[in-house]
Amino acid sequence: MDFSLTCVGGENLHVYDSGVDSQIQLVFVSGVFSPEAWKYQVNYFSEDYRTVAFRPTVSNQGFDGWRRCLKQVIEQDGMDNIVLIGGNYSNSLVQSFEAHEDVVGTVLVGC
């Protein structure tokens, strides 16, 4: 997965976006871990779904920074049927957006 430094809604992020046109968009949220932790899942789903994984820059670390960045990711144009996928430390972050108008589902995993 290639993460390019991109400005999304005024926030600088390292973003992977498959760019696939699909009715559902999958957003993988890694929290304190590297988004590379999702590489197999992202590679698998990227063939059929718009799949996004991101990592904030150093200036946006911490829960509030991650929250601001996730908000910008899900409020992009073309993101309107989003499934947020979180694991372990990002589950609370994902849950904080479960009532967002564009989020249609959440998946929380743990080890």
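Just above, that's the structure.
Computed from a predicted model, the values in this text were never measured in an experiment. (Residues numbered from 1 in each chain as written. Predicted model: local features only at pLDDT ≥ 70, side-chain atom pairs only at ≥ 80, totals over all residues. Heavy atoms only, no water.)

(A) Seen up close, a nonpolar patch on the surface. Side chains of Ile24, Tyr44, Phe45 and Tyr49 sit close together on the surface and give an oily, nonpolar patch of about 380 Å² of accessible area. Along the chain, Tyr44 falls in helix 1 (residues 39-45). Accessibility expressed as a relative area gives 59% for Tyr44, which makes it exposed. (Patch = residues over 30% accessible without salt bridge, like charges linked within 9 Å, V, L, I, M, F, W, Y side chains within 5 Å. Areas by Shrake-Rupley, 256 points an atom, 1.4 Å probe, with all protein chains shown as cover. Salt bridge = Lys/Arg side-chain N within 4 Å of Asp/Glu carboxyl O. Helix = DSSP H or I, 4+ residues; strand = E, 2+ residues; numbered from the N terminus. Buried < 20%, exposed > 50% of the residue type's maximum accessible area, 1.4 Å probe, protein only.)

(B) Just the nonpolar core, in detail. One finds Val27, Val29, Phe54, Leu70 and Leu84 to be the most contacted residues of the largest nonpolar core, which totals 19 residues. Contributions of two or more residues to this core are made by strand 2 (11-17), strand 3 (25-29), strand 4 (50-56), helix 2 (63-74), strand 5 (82-87) and helix 3 (91-95). The biggest single contributor to this core is helix 2, with five residues. (Core = buried A, V, L, I, M, F, W, Y, C linked by side-chain atoms within 4.5 Å.)

(C) Broad picture of the sheet that holds strand 6 (residues 103-109). The strand order across the open sheet formed by six strands is 1-2-4-3-5-6, and the pairing between neighbours is mixed. The sheet terminates laterally at strand 1 (4-8) and strand 6, the two strands that pair on one side only. Ignoring strand direction, the axes of neighbouring strands in this sheet form an average angle of 30°. Where strand 3 lies against strand 4, four bridges are found, and the strand directions are parallel. Paired with Phe28 across the two strands is Ala53, which belongs to strand 4. Packed onto the sheet, helix 2 meets strand 1, strand 2, strand 3, strand 4, strand 5 and strand 6 and runs at close to 155° relative to strand 4. (Pairing = 2+ DSSP bridges. Axes fitted to C-alpha atoms, helices over the stretch in contact; angles between N-to-C directions. Contact = heavy atoms within 4.5 Å.)

(D) Quick peek at the side chain of Gln25. Within the fold, Gln25 resides in strand 3. Taking relative accessible area as the criterion, Gln25 reaches 2% and is therefore assigned buried. For Gln25, the residues in contact, after removing those within four places along its chain, are Arg50, Gly78, Met79, Asp80, Asn81, Ile82 and Val83.

Spatial relationships are all this shows, so hold off on functional conclusions.
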